[in-house]
Amino acid sequence: MTCKLVVNADSGNFCKLDVDKLLNALGCVDTEIETIDSQTDWSAEGYDTVIVCGGDGTLHNAIEKCRDTRLIYAPCGTLNETAHTDNPIVSLGKVNEQFFSYVCAAGSFTEIGYSAENKSKKKWKAIAYLPQVLKSFRSFEISAEIIADGKKIDGDFTLLMILKSYRCFGFPFNKSYKKRKGLYLVAIRSCGKDNAVNRAKMFFPFFRVFFCGVKKPTERKNWVLIPFDELTIRLKEPQTFCLDGEKRVLSGELRFGTHMLKRQIDVVKTPFVKRRTHRFDADKH
């Protein structure tokens with residue numbers, strides 16, 4: 001068996017990663033180790049098994065590269081939302097021809113997932129996202145036609161989120177996920193143009209959904225959280241989406257569904273050293 005270990009040095013807990021202990025636990029002796037950053041391209045070609053250490057964005061990129069390769073995920077990012085959701089991972093979300101492990105979202109606050117600096121995440125962990133909350137607190141007007149399992153929902157939205165998880169950005173709000181695993185639509189209607197008044201108005205539906213949580217599928221005047229099997233979103237204009245912490249621009253007709261994996265992705269417990277020292281030495285390996 002040929003193995004490759006890919007370690008993202010930009011991930012939030014990279015400096016505490018104990019690589020030797022991880023490889024010993026997995027029984028991987030002759031393993032090629034490649035250290036990358038968030039801008040590095042890498043290949044899984046020629047390997048039977050690839051182990052990736054990083055956050056949700058690292059896993060997202062690994063899924064694209066390892067479609068025919070066994071993939072093992074050792075989370076060492078800041079939030080690691082996918083790792084909190086399913087183990088093993090047997091399915092993915094799909095939008096047109098792109099895959100995502102837990103979220104595809106556009107609108108208010110969604111740029112938090114890809115805008116926080118790696119240096120800040122390493123130092124401050126989840127706190128590094130707080131300044132981004134203030135920067136991204138604004139009202140959006142995303143014109144969209146939505147058809148969820150035949151049900152039509154039209155209008156302008158400040159948030160469009162397709163979620164395959166019970167949590168996002170650290171908020172465990174989708175409380176019905178564990179009873180019905182799969183894809184969910186979270187949509188919050190726009191309050192209008194971005195100004196102080198409309199920002200104040202949008203606070204209430206966001207507080208209701210993300211802070212209070214939603215126990216069952218719900219449709220309200222200003223927001224919905226419902227499961228679906230098939231979903232189509234027709235966008236009037238291109239929008240910037242967050243796919244598992246990666247920035248993507250999507251446009252036109254977006255078709256969402258579930259993609260069942262031929263090989264499950266195993267999520268393993270990542271070994272960390274107790275003290276804040278850098279145990280990973282690429283030259284050593």
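Notes on the structure in this doc start here.

Calculation rules
- Residues numbered from 1 in each chain as written.
- Predicted model: local features only at pLDDT ≥ 70, side-chain atom pairs only at ≥ 80, totals over all residues.
- Heavy atoms only, no water.
- Helix = DSSP H or I, 4+ residues; strand = E, 2+ residues; numbered from the N terminus.
- Polar contact = N/O pair within 3.5 Å; in protein donor to acceptor, adjacent residues only side chain to side chain.
- Contact = heavy atoms within 4.5 Å.
- Patch = residues over 30% accessible without salt bridge, like charges linked within 9 Å, V, L, I, M, F, W, Y side chains within 5 Å.
- Areas by Shrake-Rupley, 256 points an atom, 1.4 Å probe, with all protein chains shown as cover.
- Salt bridge = Lys/Arg side-chain N within 4 Å of Asp/Glu carboxyl O.
- Buried < 20%, exposed > 50% of the residue type's maximum accessible area, 1.4 Å probe, protein only.
- Core = buried A, V, L, I, M, F, W, Y, C linked by side-chain atoms within 4.5 Å.
- Expected span 1.5 Å × (residues − 1).
- Bend = angle between axes of the 7 residues up to and from the residue.
- Phe/Tyr/Trp six-rings, centres within 6.5 Å; stacked < 30°, edge-to-face > 60°.
- Lys NZ or Arg CZ within 6 Å of the ring centre and 35° of its normal.

1. Comments concerning the side chain of Thr-218
Turning to step 1, where the next piece is worked out: With respect to the helices, strands and loops of the structure, Thr-218 is situated in strand E11 (residues 218-219).
Turning to step 2, where the next piece is worked out: Among the polar contacts made by the side chain of Thr-218, one reaches the main-chain carbonyl oxygen of Lys-216 at a distance of 2.7 Å.
Turning to step 3, where the next piece is worked out: Leave out the neighbours within four places in its chain, and Thr-218 touches Trp-223, Val-224, Leu-225 and Ile-226.

2. Quick notes on a nonpolar patch on the surface
Turning to step 1, where the next piece is worked out: Together, Phe-203, Phe-204, Phe-207 and Phe-211 make up an exposed nonpolar region whose accessible area comes to about 450 Å².
Turning to step 2, where the next piece is worked out: Looking at the element boundaries, Phe-207 is found in helix H7 (residues 196-211).
Turning to step 3, where the next piece is worked out: Assessed through its relative accessible area of 36%, Phe-207 is described here as partly exposed.

3. Examining the nonpolar core
Turning to step 1, where the next piece is worked out: Residues Ile-162, Leu-185, Ile-233 and Phe-256 are the most contacted members of the largest nonpolar core, which totals 27 residues.
Turning to step 2, where the next piece is worked out: Going through the elements one at a time, strand E7 (103-107), strand E8 (142-148), strand E9 (151-163), strand E10 (183-189), strand E12 (223-228), strand E13 (231-235), strand E14 (239-243) and strand E16 (253-267) are the ones with two or more residues in this core.
Turning to step 3, where the next piece is worked out: Filtering out sequence-adjacent residues up to four positions away, Leu-185 remains in contact with Ile-146, Ile-153, Met-161, Ile-162, Val-224, Leu-225, Ile-226, Phe-228 and Leu-231.
Turning to step 4, where the next piece is worked out: One finds Cys-168, Ile-188, Phe-206 and Trp-223 within the second-largest nonpolar core, a separate group that totals 22 residues.

4. Structural notes on H7
Turning to step 1, where the next piece is worked out: When the terminal C-alpha atoms of H7 are compared, their 21 Å separation across 16 residues agrees well with the 22 Å that a helix rising 1.5 Å per residue should span.
Turning to step 2, where the next piece is worked out: The largest bend in H7 is about 25 degrees, located at Pro-205.
Turning to step 3, where the next piece is worked out: All of the buried residues in H7 are Asn-198, Met-202, Pro-205, Phe-206, Val-209 and Phe-210.
Turning to step 4, where the next piece is worked out: Tucked inside the fold, the buried residues of H7 contact E9, E10 and E12.
Turning to step 5, where the next piece is worked out: Regarding H7, its N-cap is Asn-195, as a side-chain oxygen of that residue lies 3.2 Å from the backbone nitrogen of Val-197 further along.
Turning to step 6, where the next piece is worked out: Of the residues trailing H7, Gly-213 is marked for its positive phi of about 85 degrees.

5. Remarks on unusual backbone geometry
Turning to step 1, where the next piece is worked out: Cis geometry marks the peptide bond from Asn-87 to Pro-88; its omega dihedral reads 0 degrees.
Turning to step 2, where the next piece is worked out: Note that Pro-88 resides in the loop between helix H3 (81-85) and strand E5 (89-95).
Turning to step 3, where the next piece is worked out: The backbone phi angle of Asp-149 is positive, close to 50 degrees, even though this residue is not glycine.
Turning to step 4, where the next piece is worked out: With respect to the helices, strands and loops of the structure, Asp-149 is situated in the loop between E8 and E9.
Turning to step 5, where the next piece is worked out: Even without being a glycine, Asp-244 presents a positive backbone phi close to 55 degrees.

6. A few points about the environment of Cys-15
Turning to step 1, where the next piece is worked out: Tracing the sequence through the fold places Cys-15 in the loop between strand E1 (3-8) and helix H1 (19-26).
Turning to step 2, where the next piece is worked out: C-alpha separation for the pair Cys-15 and Val-273, spaced 258 residues apart in sequence, amounts to 9.0 Å.

7. Describing the packing of aromatic side chains
Each aromatic ring pair is summarised here by two numbers: the centre-to-centre distance and the angle between the ring planes.
Turning to step 1, where the next piece is worked out: With the rule as written, the count across this model stands at 11 aromatic pairs.
Turning to step 2, where the next piece is worked out: Centroid distance Phe-100 to Phe-256: 6.4 Å. Interplanar angle 70 degrees. Geometry classified as edge-to-face. In this pair, Phe-100 sits in strand E6 (residues 98-100) while Phe-256 sits in strand E16, placing the two residues 156 residues apart along the sequence. As far as the burial class goes, Phe-100 and Phe-256 line up, both buried.
Turning to step 3, where the next piece is worked out: Both rings, one in Phe-173 and one in Phe-210, keep their centres 4.5 Å apart while their planes meet at 55 degrees; by these two values the pair is tilted. Residue Phe-173 is located in the loop between E9 and E10, and its partner Phe-210 is located in helix H7; the two are separated by 37 residues in the primary sequence. Side by side, Phe-173 and Phe-210 carry an identical accessibility label, which is buried.
Turning to step 4, where the next piece is worked out: Members of the aromatic cluster, connected to one another through ring pairs, are Phe-109, Phe-137, Phe-171, Phe-173, Phe-203, Phe-204, Phe-206, Phe-207, Phe-210 and Phe-211.
Turning to step 5, where the next piece is worked out: Over the ring of Phe-272 we find Lys-16, and its NZ or CZ is 5.8 Å from the ring centre.
Turning to step 6, where the next piece is worked out: Here Lys-178 stacks its cationic end above the ring of Tyr-166, 4.8 Å away from the centre of that ring.

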